[in-house]
Amino acid sequence: MSRANAAVAQAPSSAPKYELRVRRNGTFDQAFEVWQLPAPATPHVRSPVRVAGLHGRNLALVESRVLKRLAQAGIRVDVAASFSEQRFDLPEELALTLGLLFRALAPMRSRENMRQVAEGIEAMTQEEAAYWLGMAMHRPNPRRVLTALRYLLTEPSRRPAVVG
């Protein structure tokens, strides 16, 4: 059992369960997805629920950060594996952070703003990340929540002009 799986196994049964799925469809086509799994702590989750995912150019911009965080949790992703899917148990704190990171970065285009948002999310406590991810997943207008988060995490000089 790897360290990450051991950390998740030691978590109390009252904790939600999360999984990272890494799918590689070709040489430069890779996707990372965070899934919430059914657990006694989450009786409303009857089948796996996709929390967030990131792929392509946006993943490439933060992949080293993500791999570093995963390595700190004892998860070693085989980036050389081709045309396969790898699954890893995720500790709750890491799942919340990655889920929020993936949701916030998915529609972004500016590299500098993406860097600032990624740094801001990495600096958040578990409670802050859980709050923002919960808002982004369970509100009627999650785009507004994520836009507000991006706005708060970018420097004023890098924000787009408000046309009103």
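You'll find the structure just up there.
Predicted model only: the values in this text are computed from it and were never measured.

A. Spotlight on the overall build of the protein chain. Scanning the protein chain from N- to C-terminus turns up six helices and four strands. Across the protein chain, helices and strands are ordered from the amino to the carboxyl terminus as α-β-β-β-α-β-α-α-α-α. When each of the 164 residues of the protein chain is scored for burial, the buried share is 41%. Partitioning the contacts of the protein chain with sequence separation of at least 6, the portion at a separation of at least 24 is 62%. As presented, the protein chain carries roughly 9400 Å² of accessible surface, and 53% of it is formed by carbon and sulfur atoms.

B. Region of the structure containing helix α6 (residues 142-153). Between the first and last C-alpha of α6 there are 17 Å, a value that for 12 residues agrees with the 16 Å anticipated at 1.5 Å per step. All of the buried residues in α6 are Val-145, Leu-146, Leu-149 and Arg-150. All buried residues of α6 lie within an arc of 135 degrees about the axis, which places them on one face of the element. In this structure, α6 carries Arg-143, Arg-144 and Leu-152 as exposed residues pointing more than 90 degrees from its buried face. Each element contacted by the buried residues of α6 is listed here: α3 (92-105), α4 (111-122) and α5 (126-138).

C. Structural view of the packing of aromatic side chains. If you walk through the whole model with that rule in mind, you get one aromatic pair. Ring geometry for Tyr-131 against Trp-132: centres 5.6 Å apart, planes inclined by 80 degrees, an arrangement best described as edge-to-face. Positioned above the aromatic ring of Trp-35 is the side chain of Arg-21, whose terminal nitrogen or guanidinium carbon lies 4.1 Å from the ring centre.

D. Structural view of the side chain of Thr-154. Relative to the assigned elements, Thr-154 resides in the segment after α6. A polar contact of 3.1 Å, which involves the side chain of Thr-154, links it to the backbone oxygen of Arg-150.

E. Focus on the pattern of salt bridges. With the rule as written, the count across this model stands at nine salt bridges. Two residues, Glu-33 and Arg-23, come together in a salt bridge whose shortest N-O distance is 3.5 Å. Taken as a pair, Glu-33 in strand β2 (residues 30-37) and Arg-23 in strand β1 (residues 17-24) lie far apart in primary sequence, 10 residues in all. Relative accessible area serves as the criterion here: at 29%, Arg-23 is assigned to the partly exposed category. A salt bridge links Glu-119 to Arg-115, with the shortest nitrogen-to-oxygen separation between them at 2.8 Å. In this pair, Glu-119 and Arg-115 are both assigned in helix α4, four residues apart and thus about one turn of the helix distant.

Reading the values: rules and limits
- Residues numbered from 1 in each chain as written.
- Predicted model: local features only at pLDDT ≥ 70, side-chain atom pairs only at ≥ 80, totals over all residues.
- Heavy atoms only, no water.
- Helix = DSSP H or I, 4+ residues; strand = E, 2+ residues; numbered from the N terminus.
- Buried < 20%, exposed > 50% of the residue type's maximum accessible area, 1.4 Å probe, protein only.
- Contact = heavy atoms within 4.5 Å.
- Areas by Shrake-Rupley, 256 points an atom, 1.4 Å probe, with all protein chains shown as cover.
- Expected span 1.5 Å × (residues − 1).
- Arc of directions from axis to C-beta.
- Phe/Tyr/Trp six-rings, centres within 6.5 Å; stacked < 30°, edge-to-face > 60°.
- Lys NZ or Arg CZ within 6 Å of the ring centre and 35° of its normal.
- Polar contact = N/O pair within 3.5 Å; in protein donor to acceptor, adjacent residues only side chain to side chain.
- Salt bridge = Lys/Arg side-chain N within 4 Å of Asp/Glu carboxyl O.

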